[in-house]
Amino acid sequence: MAHLEFFFDLSSPWTRLAFHNVRPILAETGATVRWRPFLVGGVFNAVNPAVYAGRETPDSPRMRHTWTWLRDWARLAGVPMNFPSAHHPVRSVHAMRVCCALEDDQATLARFAEAAFHAYFAEQRNLDDPAVLVDVADACGLDGAALAARAGDDDVKQRLRDNTQAVIDRGGFGSPTMFVDGTRIYFGNDQLPLVRQALAGG
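All values reported here derive from a predicted model rather than from experimental measurement. (Residues numbered from 1 in each chain as written. Predicted model: local features only at pLDDT ≥ 70, side-chain atom pairs only at ≥ 80, totals over all residues. Heavy atoms only, no water.)

## With respect to the state of the cysteines
The condition is simple: In what follows, a disulfide is any cysteine sulfur pair within 2.5 Å. The classification of residues rests on relative accessible area computed with a 1.4 Å probe and restricted to protein chains. Under 20% of the type maximum is buried, over 50% is exposed, and intermediate values are partly exposed.
Taken as a whole and assessed by the stated rule, the structure comprises 0 disulfides. Cysteine 99 takes part in no disulfide bond, and the closest cysteine sulfur, belonging to cysteine 100, lies 7.2 Å away. Among the residues examined, cysteine 99 registers a relative accessible area of 0% and is labelled buried. Take cysteine 140: it sits in no disulfide, and the sulfur closest to it among the cysteines is that of cysteine 99, at 10 Å. Residue classification places cysteine 140 among the buried positions, given a relative accessible area of 13%.

Laid out in structure tokens, this is it:
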């Protein structure tokens with residue numbers, strides 16, 4: 001049985017799409033998955049600083065087309081995408097620590113991540129606001145205040161650092177970074193057909 005590692009940061013619109021679009025692929029192929037939260041800003045700082053240069057020219061032709069393509073992809077997937085918002089680019093460290101606090105309970109992590117993606121990309125809520133994270137968690141049936149407190153523990157912070165370093169060490173440069181069976185690396189929503197092929201044994 002094939003296995004997918006899906007490294008993600010909640011701040012990435014392409015990750016939001018891939019998180020949605022990969023689910024049918026997992027069901028189709030019977031592959032197992034591990035959702036792995038990391039901090040994409042840490043990866044950018046280490047190996048992909050050109051991302052920041054691109055943000056300095058938000059009205060460039062490339063960026064204008066990118067937003068159009070993003071909306072097209074979202075419409076194709078049936079995913080609400082009210083983006084970019086006033087909070088973009090959001091500082092995602094608090095949100096990703098919450099995700100790391102849930103990583104050992106994969107089903108709950110996936111449920112929270114889906115709700116957090118919707119809060120940011122559909123409702124334009126600020127995921128850097130701890131109160132928003134608590135509210136999103138409460139709406140998922142979790143104890144948001146307890147989860148926020150847990151996210152501040154040293155071992156959770158270290159897990160986020162370790163997951164981020166793992167992406168860097170294994171050749172990743174953005175979110176989502178996906179590995180099939182530990183070695184075959186794929187990046188981005190548009191490479192999901194390749195992920196499907198790899199998971200199916202192609």
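Having seen the structure, we can now continue with the description.
## Here's the deal with the side chain of threonine 15
Short version of the rule: Secondary structure elements follow DSSP: runs of H or I of four or more residues count as helices, runs of E of two or more count as strands, with numbering from the N terminus. By definition, residues are in contact when any of their heavy atoms lie within 4.5 Å.
Its location among the elements puts threonine 15 in helix α1 (residues 13-29). Looking at threonine 15, the relative accessible area reads 0%, which means it is buried. Setting aside anything within four residues of it in sequence, one finds threonine 15 in contact with Phe6, Phe8, Asp9, Phe117, Ser175 and Pro176.

## Looking at the pairing of strand β2 (residues 32-37)
For clarity, the threshold we go by: Each pair of strands is called paired provided DSSP finds at least two bridges between the two strands. For crossovers, right-handed means that the path from the first strand over the helix to the second runs clockwise, given strands pointing away from the viewer.
In this structure, strand β1 (residues 3-8) lies alongside β2, joined through 6 bridges in parallel fashion. In the strand pairing of β2, leucine 4 is matched with valine 33. Regarding the hand of the β-α-β motif, the stretch spanning β1, α1 and β2 is right-handed.

## Quick look at the layout of surface pockets
Just so we agree on the cut-off: Cavities and pockets were defined on a 1 Å grid built from protein atoms only: a cavity is a group of points that admits a 1.4 Å probe but offers it no way out, a pocket is an open group of points flanked by protein on both sides within 12 Å along at least five of seven lines, and a lining residue is one with an atom within 4 Å of any such point. Grid points are joined across faces, edges and corners, and a volume is the space filled by probe spheres set on the points. Polar here means any residue outside two lists: the nonpolar Ala, Val, Leu, Ile, Met, Phe, Trp, Tyr, Cys and Pro, and the charged Asp, Glu, Lys and Arg; Gly therefore counts as polar.
Estimated volume of the second largest pocket: approximately 160 Å³. Every residue lining the second largest pocket is listed: Asn21, Pro24, Ile25, Trp73, Leu76, Ala77, Asn189, Asp190, Leu192, Pro193 and Arg196. At the level of elements, α1, α4 (61-77) and α10 (192-199) are the ones that each hand at least two residues to the lining of the second largest pocket. Its residues assigned to classes, the lining of the second largest pocket shows 7 nonpolar, 2 polar and 2 charged.

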